[in-house]
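Chain residues, written in single-letter form:
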Amino acid sequence: MSVTPARPGSPAHRWMRRSTTVASVLSLAALVGFSPFVLEAPGPVVDTLGEWQGKQIVQISGTKTYPSESRLDLTTVSAQGRPGGSVSALETIAAWLDPVRDIVPREYQYPAGTTAEEQSAESAVQMTGSQQLATLAALNELEIEYSTSTVIAGLANDTNAKNLKDNDTVLTFNGATITDPASLQKAVRASSGATATATILRDGKEQEVQLAVGTGQDGKPSLGVVISADFKLPFTIDFAIENIGGPSAGTMLALGIIDELTPGSLAGDRHVAGTGTIDTQGNVGAIGGIAQKVVGARDAGATVFLAPSDNCAELAGRVPDGLDVYSVSTLKEARGVLQQLADGADTSGLKRCG
């Protein structure tokens, strides 16, 4: 079994189970003995406030944290037929007849030629990114301040190869203070000369460098470098999640962080599960495999599920009994749903899926 995200917003999640196209391809697969599909089924369900493979998932140090009686599960999809793997025609037909599993054309999930190593690497990068985004979304929601710096992440060409190195932090550019990548981009595009003066931090020491200003592919001034944001938090937040990839855990990780940093239990003693990508401003985005995730959540004992609003249409007729699925589009909305549940308030006016 492998745990993988489906690609958010891809045509795979609009694939009709009873499509005559599917039936035709299945017939062909039965003849040749192989299947060009990925089979999606419910995957592991993991409490963001608990442990995964013997390690605490969210680890916060350097500030006060609070115990919680809530359970806030991230949900996953188990996939057969990823790059490097295969499924038989009989397995595909069995999945097609199973109301819980979905079959997805492989080319909808993975670009042609993608290797198992490339897919695993991409999935790991997406998970790491979702952890950082979840951290910043949670801190923004709680109005906890942090600082942002602008770091050289690579050189797109040799324009400034002599004066800039990976991991240099840009402090000023032509006298303007640089606070984030956007401010550096703005300062560079406002420059008019062929050279500029910048202050950088390298190996703990500030130094002034002269930089060449060239022209980018968009015709605007460019330094020929790749920049990224580096964040300095007032305390440390680490994660211990192995063998789970993709971006879809962001919303539940952010809620787990919020629960640990605030008194009480965010959802009371409720068993909640959910899914959704997250950005720094707390916007919840669509994910893949929503129908499998609600089943996995119900089977794990959850009674409440938080689903991205953009995924709601996919749950028509597919919400399992005993599970209330709430539609959320922001982290603030998700937090509000859980607080209403914890308070025992009337939730009949909240948006639901299915």
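Rules used throughout
- Residues numbered from 1 in each chain as written.
- Predicted model: local features only at pLDDT ≥ 70, side-chain atom pairs only at ≥ 80, totals over all residues.
- Heavy atoms only, no water.
- Disulfide = S-S within 2.5 Å.
- Helix = DSSP H or I, 4+ residues; strand = E, 2+ residues; numbered from the N terminus.
- Contact = heavy atoms within 4.5 Å.
- Core = buried A, V, L, I, M, F, W, Y, C linked by side-chain atoms within 4.5 Å.
- Buried < 20%, exposed > 50% of the residue type's maximum accessible area, 1.4 Å probe, protein only.
- pLDDT = per-residue confidence, 0-100.
- Salt bridge = Lys/Arg side-chain N within 4 Å of Asp/Glu carboxyl O.
- Axes fitted to C-alpha atoms, helices over the stretch in contact; angles between N-to-C directions.
- Parallel < 35°, antiparallel > 145°, perpendicular 65-115°, else oblique.
- Left-handed = near helix turned anticlockwise from the far one by under 90°.
- Nonpolar A, V, L, I, M, F, W, Y, C, P; charged D, E, K, R; others polar.
- Arc of directions from axis to C-beta.
- 1 Å grid on protein atoms, 1.4 Å probe; cavity = no way out; pocket = protein on both sides within 12 Å on 5 of 7 lines; lining within 4 Å.
- Points joined across faces, edges and corners; volume = space filled by probe spheres on them.

(A) Focus on the state of the cysteines. A complete count under the given rule lists 1 disulfide for this structure. Linked covalently through their sulfurs, cysteine 312 and cysteine 353 form a disulfide whose S-S length is 1.7 Å. Looking down the S-S bond of the cysteine 312 and cysteine 353 bridge, the torsion is -45°, so its handedness is left-handed. In this pair, cysteine 312 is assigned in the loop between strand S20 (304-308) and strand S21 (324-328) and cysteine 353 in the segment after helix H8 (331-343), connecting sequence segments 41 residues apart.

(B) Layout of the environment of leucine 350. Along the chain, the position of leucine 350 falls in the segment after H8. It is 17 Å that separates the C-alpha atoms of leucine 350 and alanine 316, two residues lying 34 residues apart in sequence. Beyond its immediate stretch of four places on either side in the chain, leucine 350 contacts Tyr326, Val337 and Gln340.

(C) Spatial organisation of the nonpolar core. Val58, Leu72, Leu253, Leu255, Ile257, Leu306 and Leu338 are the most contacted members of the largest nonpolar core, which totals 41 residues. At 7 residues, the largest contribution of residues to this core is made by helix H6 (residues 250-261). For leucine 253, the residues in contact, after removing those within four places along its chain, are Thr48, Ile57, Val58, Leu74, Ser130, Gln131, Ala134, Phe239 and Ile241. Ile152, Phe173, Ile178 and Ala187 belong to the second largest nonpolar core, which has 16 residues in total.

(D) Representation of the confidence of the model for the protein within the structure. With 90% of its residues at a pLDDT of 70 or more, the protein shows a mean pLDDT of 88. This stretch, residues 4-18, has a pLDDT under 50; its non-local contacts, to residues over four places away or in other chains, come to 50 contacts.

(E) Structural detail: the pattern of salt bridges. Counted by the stated rule, this structure contains 11 salt bridges. Of the charged contacts, one joins lysine 332 and glutamate 141 as a salt bridge, the two residues approaching to 3.3 Å between their closest N and O atoms. Taken together, the positions of lysine 332 in helix H8 and glutamate 141 in helix H4 (residues 116-141) put the pair 191 residues apart, joining distant regions of the chain. Judged by relative accessible area, lysine 332 falls into the exposed class, the value being 54%. A salt bridge links aspartate 218 to arginine 189; the nearest nitrogen and oxygen atoms lie 2.9 Å apart. Taken together, the residues aspartate 218 in the loop between strand S13 (214-215) and strand S14 (221-222) and arginine 189 in helix H5 (residues 181-190) connect sequence positions 29 residues apart. Sharing partners across several salt bridges, the network here consists of Glu141, Lys332 and Arg335.

(F) Region of interest: the packing of H4 against H6. The interhelical angle for the contact between H4 and H6, taken along N-to-C directions, is 45°, at an axis separation of 8 Å. With respect to H6, the element H4 is oriented oblique. Like other packed secondary-structure pairs, H4 and H6 cross with a definite hand, here right-handed. Packed against H4, whose contacting residues are Ser130, Gln131, Ala134, Thr135, Ala138, Leu139 and Glu141, the element H6 presents Gly250, Leu253, Ala254, Ile257, Ile258 and Leu261 at the interface. Residues of the contact of H4 with H6, tallied by class, amount to 8 nonpolar, 4 polar and 1 charged.

(G) The arrangement of helix H2 (residues 89-97) in detail. Looking at H2, one finds that the buried residues are Ala89, Thr92 and Ala95. Buried positions in H2, seen along its axis, are confined to an arc of 120° and lie on one side of it. Exposed side of H2, more than 90 degrees from the buried face: Leu90 and Leu97 are the residues found there.

(H) Structural view of empty space enclosed by the protein. All chains considered together, the criterion is met by 2 cavities of 30 Å³ or more. As a volume, the second largest cavity reaches approximately 40 Å³. Lining the second largest cavity, in full, are Leu164, Val170, Phe173, Leu184, Ala198, Ile200, Leu211 and Leu223. Looking at the lining of the second largest cavity, the elements with two or more residues in it are strand S9 (169-173) and strand S11 (195-202). Here the lining of the second largest cavity is composed, by residue class, of 8 nonpolar, no polar and no charged.

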